[in-house]
Amino acid sequence: MDEDISCFIAARDGNVDALAALLADGADANNAKPADGWPTPCCLAAYHGHVGAVRLLIAHGVDYDEATADEGKTPCYLAAQRGHVAVVELLLTAGANPNKATTDVFGVTPCHIAAWKGHKGVVAALLAAGVDPNETRKDGATPCHMAAREGHVDVLEALLAAGADPNAAKADHGITPCHLAAQYGRTAAVALLLNAGADPNTANNHGQTACWIAAEEGHAGVVALLLAKAPTRARR
């Protein structure tokens, strides 16, 4: 047990020499953790961006798709969340599942969380590995929704270039990426979505257009931009 805990700590801290010695001495790469419910050494090493530790664990046969017990976050998800491109690429090369979603109420994939956080390099790596830019969470949100809400224009550009649908609507409220960008005053994101073919006249399930939402939130620049594209549907 002490050996397993030491392996857990070495992976967390990225101490490759200590980790190598422990694994050579018989530490269990998959189950080396203080107690049930704790993340695996690979999850910890991925979260902290320790490329060497992740590589060593993979070489010792670790299950690189084993997720955290609480929300089902895989090493790939955790590395994507933190923007660790090299770790994501390493895991993908080893065969990690880039589409495995969390087990919480949202069902978030690595691409969703990377888009939300603005990690363009991670999004690019996931797209290059074949991830569908239109993959959805349980509520129908795509990575485009996540990037638009936060105004990550460079991420939006990558997603749209890969074939993301600028008019994709969430299943729960019919909200499009343009609605979210307008709500949060992301003028550059709204402009990019419009240029990519987003329909400024689309209303959500409550009859609200992006212009209506932007006006309600007081985003004058977004309102002016949308009115120039859709002067006939400013109101619901």
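This section reports on the structure supplied with the text. Just so it is clear, the model here is predicted, and its values are computed rather than measured.

Let's shift gears to the overall build of the protein. The number of helices and strands found in the protein is 14 helices and zero strands. Along the protein, helices (α) and strands (β) appear in the sequence α-α-α-α-α-α-α-α-α-α-α-α-α-α when read from the amino end. The C-alpha extent of the protein, read off along each of the three principal axes, is 70 × 30 × 25 Å. For the protein, the proportion of its 236 residues judged to be buried stands at 47%. Summed over all atoms, the accessible surface of the protein reaches about 10100 Å², with 49% contributed by carbon and sulfur. Taking the 17 positively charged and 26 negatively charged side chains of the protein as two groups, their mean positions are separated by 12 Å.

A few words on the nonpolar core. Ranked by internal contacts, the top residues of the largest apolar core, which has 63 residues, are Leu-19, Leu-57, Leu-159 and Leu-226. Excluding its chain neighbours within four sequence positions, the residues that come into contact with Leu-57 are Ala-11, Leu-19, Leu-23, Ala-29, Pro-41, Cys-42, Ala-45 and Val-62.

Looking now at helix α6 (residues 85–94). All buried positions along α6 are accounted for by Val-87, Val-88, Leu-90, Leu-91 and Leu-92. Among the structural elements, α3 (41–47), α4 (51–59), α5 (75–82) and α8 (120–128) are those in contact with the buried residues of α6. Positive phi appears at Gly-95, one or two residues downstream of α6, with a value of about 115 degrees.

Attention shifts here to empty space enclosed by the protein. Throughout the structure, instances matching the rule amount to one cavity of 30 Å³ or more. Approximately 30 Å³ is the volume found for the largest cavity. Lining the largest cavity are Asn-167, Thr-176, Cys-178, His-179, Ala-198, Asp-199, Thr-202 and Ala-210.

Under the criterion given, the structure shown has six salt bridges. Residues Lys-170 and Asp-139 are paired through a salt bridge, measuring 3.4 Å at the closest nitrogen-oxygen approach. With Lys-170 in the loop between α10 (153–161) and α11 (177–183) and Asp-139 in the loop between α8 and α9 (143–150), this pair connects stretches of sequence that are 31 residues apart. Judged by its relative accessible area of 14%, Lys-170 falls in the buried class. Residue classification places Asp-139 among the buried positions, given a relative accessible area of 14%. The closest approach of N and O atoms between Glu-150 and Arg-149, which form a salt bridge, is 2.5 Å.

Conventions adopted
Residues numbered from 1 in each chain as written. Predicted model: local features only at pLDDT ≥ 70, side-chain atom pairs only at ≥ 80, totals over all residues. Heavy atoms only, no water. Helix = DSSP H or I, 4+ residues; strand = E, 2+ residues; numbered from the N terminus. Buried < 20%, exposed > 50% of the residue type's maximum accessible area, 1.4 Å probe, protein only. Areas by Shrake-Rupley, 256 points an atom, 1.4 Å probe, with all protein chains shown as cover. Lys, Arg positive; Asp, Glu negative; His and termini not counted. Charge placed at Lys NZ, Arg CZ, Asp CG, Glu CD. Core = buried A, V, L, I, M, F, W, Y, C linked by side-chain atoms within 4.5 Å. Contact = heavy atoms within 4.5 Å. 1 Å grid on protein atoms, 1.4 Å probe; cavity = no way out; pocket = protein on both sides within 12 Å on 5 of 7 lines; lining within 4 Å. Points joined across faces, edges and corners; volume = space filled by probe spheres on them. Salt bridge = Lys/Arg side-chain N within 4 Å of Asp/Glu carboxyl O.

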